[in-house]
Amino acid sequence: MPEQKMVNIYIMGKQYEVPAGVTIMKAMEYAGYQFIRGCGCRGGFCGACGTVYRKPGDFRLYSGLACQLQAEEGMYLSQIPFYPANRSTYDLQELTPELSTILKHYPEVTRCLGCNQCTKICPQGLNVMDYIAAAQRGDIEKAAHLSFDCIMCGLCVSRCPAEIVHYNVGILCRRLYGRHIIPKAQHLAKRVEEIKSGKFDEELNKLMSMGQEELTKLYDDRDMEQ
Amino acid sequence: MAIPYFPGCTLKTKATGLDSSTRATLAALGVELAELPDWTCCGTVFPLAQDNYMGMVAAARILINASKEDDGRLVTVCSFCYNVLKRVNYAIKNNEETRTKLTQYLEEEYAGETKLVHPLEVLRDDVGFEALQGKVNDKVKGLKVACYYGCMLSRPASEMQFDDEPENPTIMEDLVGAMGAEPVDFKYKTKCCGSYQVMKTYDLVVKRVREILEGATASGAQAIITSCPLCQFNLDWIQEKIAEEDSSFAKIPVLYFTQLLGAALDVPAEELGLDKHYVDPKALLKG
């Protein structure tokens, strides 16, 4: 068996030797950390493992998700799994999709200076500053589209000099867009009506009264799209 | 070819009539505007401290993004946006430290190349006031108009370089004349309306606004024009409050210059956005 290649990384300032090619999360576990928080889906979707790091000889601050990013030689890293963020409470049905709604729940969006640090830190590569700019001028549709891939890791919030909670503004815009702006699906409403009026009752009752053998045959013989 | 255009936040919310009437009137004269694909708030006010670079970053980015379009110019109509963008551009051009700080932070090469132009300048320099005379209808003919510049368009003179006479600009009067309307002699034209002090010292602003309004009426004006959403709001909305307390007060419509010009060019009413005004200007523009 070939020898395992190892790399040195620094977790919160302490050096560890970990196997090359593993994710930061695996590397931390290899180093002895046990995750109670700061770890969720391990698939890059839940946003629980936001991580910041620097590389030797490079002034830039980098970011990534610990469950997705490979540990590299010389990485100085720290997880920021949680960052304090206020969240407004509202009844979506009662809100109107306009600027005043955003300003009522998150008035701090107008403090944006345009420094763009939120965009730079976003591990999803979103144009965070641009969706806040859109929200700030009541363009809810644009804010909803630009923030669509947000996983709410909160790294943007940790960097904002205007103390904006970007991801909560983003989800408010997506909710307003989904509930109040996009046209309702007509075919869905029609189908719901058909179900309510009992169009499928006879067919369903027939299925319910079948035995297992009969159902299996029906399933095996069903029309299949090629 | 379309000129890059920065609308500004207020034109997407409270002053949509300024946005739509600017686009429509310029289009009617063959000048197309192309909104920048992504833009943020300009910062609203130019920082009082010279080394408040953070307050200039947003404006600098907007100017840099505009410089990447082929035209070389950037049009903006809101007086506040125009003031901030022009002053930040001036600082980048003339102050090496400001230029270095901003371009290093933004990681861009830029030395103030973007030429910021106001639609009034586009009308004067690209369309031409003489050419305009042949294109207008009779709707505003003979209408007496007070041209209100406020603070932001022409001051500070050395940085704004807006008109030959910063304390007595005449570009709007020339435009009004070209429309066939009649500019009145209006001594309050560059007086401050009180701006956002309306939030803090309301009574003082009411007093100031009333002085400006009555100055316009005394000059024989039937309408006031401006390019500033905040001036428009203060001069328009406060009239309701004055009239509530003094029934003898004579109201006067306050329009954006683009709305008046649009009416003279038969721009459709829905693009002029005349429905949001407190003092209804529609009767005035029936022609």
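These figures come from a predicted structure and were not determined experimentally.

**Here's the deal with helix α1 (residues 16-28) of chain B**
Residue and element names in this part refer to chain B. Its 13 residues place the ends of α1 18 Å apart at the C-alpha level, agreeing with the 18 Å of an ideal helix rising 1.5 Å per residue. Those residues of α1 not exposed but buried are Gly-17, Leu-18, Asp-19, Ser-21, Thr-22, Ala-24, Thr-25 and Leu-26. In the stretch just after α1, Gly-30 is the one whose phi turns positive, near 85 degrees.

**Quick notes on the packing of α1(B) against helix α11 (residues 257-264) of chain B**
Residue and element names in this part refer to chain B. Interhelical geometry of α1 versus α11 gives an angle of 45 degrees and a closest axis separation of 8 Å. The orientation of α1 relative to α11 falls into the category oblique. In terms of crossing hand, the pair formed by α1 and α11 is left-handed. Of α11, the residues touching α1 (which contributes Gly-17, Leu-18, Ser-21, Thr-22 and Thr-25) are Thr-258, Gln-259, Leu-261 and Gly-262. Of the residues contributing to the contact of α1 with α11, the split by class is two nonpolar, seven polar and no charged.

**So, the domain arrangement of chain A**
Partitioning chain A into structural domains gives domain 1 (6-79), domain 2 (92-181) and domain 3 (186-220). Relative to domain 3 of chain A, the C-alpha centre of domain 2 of chain A lies at a distance of 43 Å.

**Describing the interface of chain A and chain B**
On the chain B side, the residues contacting the 14 residues of chain A number 14 residues. Between chain A and chain B we count three salt bridges in total. With a closest N to O distance of 3.1 Å, B:Asp38 and A:Lys142 form a salt bridge. One can count seven residue pairs in polar contact (both at pLDDT 80 or more) joining chain A with chain B. Every element with two or more residues in the side of chain A that touches chain B is listed here: α3 (117-121) and α4 (128-136) of chain A.

**Side note on the sheet that holds strand β3 (residues 50-54) of chain A**
All names here are of chain A. Strand order in this open sheet of five strands is β2-β1-β5-β3-β4, and the pairing throughout is mixed. Of all strands in the sheet, those bounded by a partner on one side alone are β2 (14-19) and β4 (62-65). If you compare each strand with its neighbour and ignore which way they point, the axes differ by 35 degrees on average. Pairing of β3 with strand β5 (residues 76-79) involves four bridges; the strand directions are antiparallel. Paired with Val-52 across the two strands is Ser-78, which belongs to β5.

What counts and how
Residues numbered from 1 in each chain as written. Chains lettered and ligands numbered in written order. Predicted model: local features only at pLDDT ≥ 70, side-chain atom pairs only at ≥ 80, totals over all residues. Heavy atoms only, no water. Helix = DSSP H or I, 4+ residues; strand = E, 2+ residues; numbered from the N terminus. Expected span 1.5 Å × (residues − 1). Buried < 20%, exposed > 50% of the residue type's maximum accessible area, 1.4 Å probe, protein only. Axes fitted to C-alpha atoms, helices over the stretch in contact; angles between N-to-C directions. Parallel < 35°, antiparallel > 145°, perpendicular 65-115°, else oblique. Left-handed = near helix turned anticlockwise from the far one by under 90°. Contact = heavy atoms within 4.5 Å. Nonpolar A, V, L, I, M, F, W, Y, C, P; charged D, E, K, R; others polar. Domains from an automatic or database assignment. Salt bridge = Lys/Arg side-chain N within 4 Å of Asp/Glu carboxyl O. Polar contact = N/O pair within 3.5 Å; in protein donor to acceptor, adjacent residues only side chain to side chain. Pairing = 2+ DSSP bridges.

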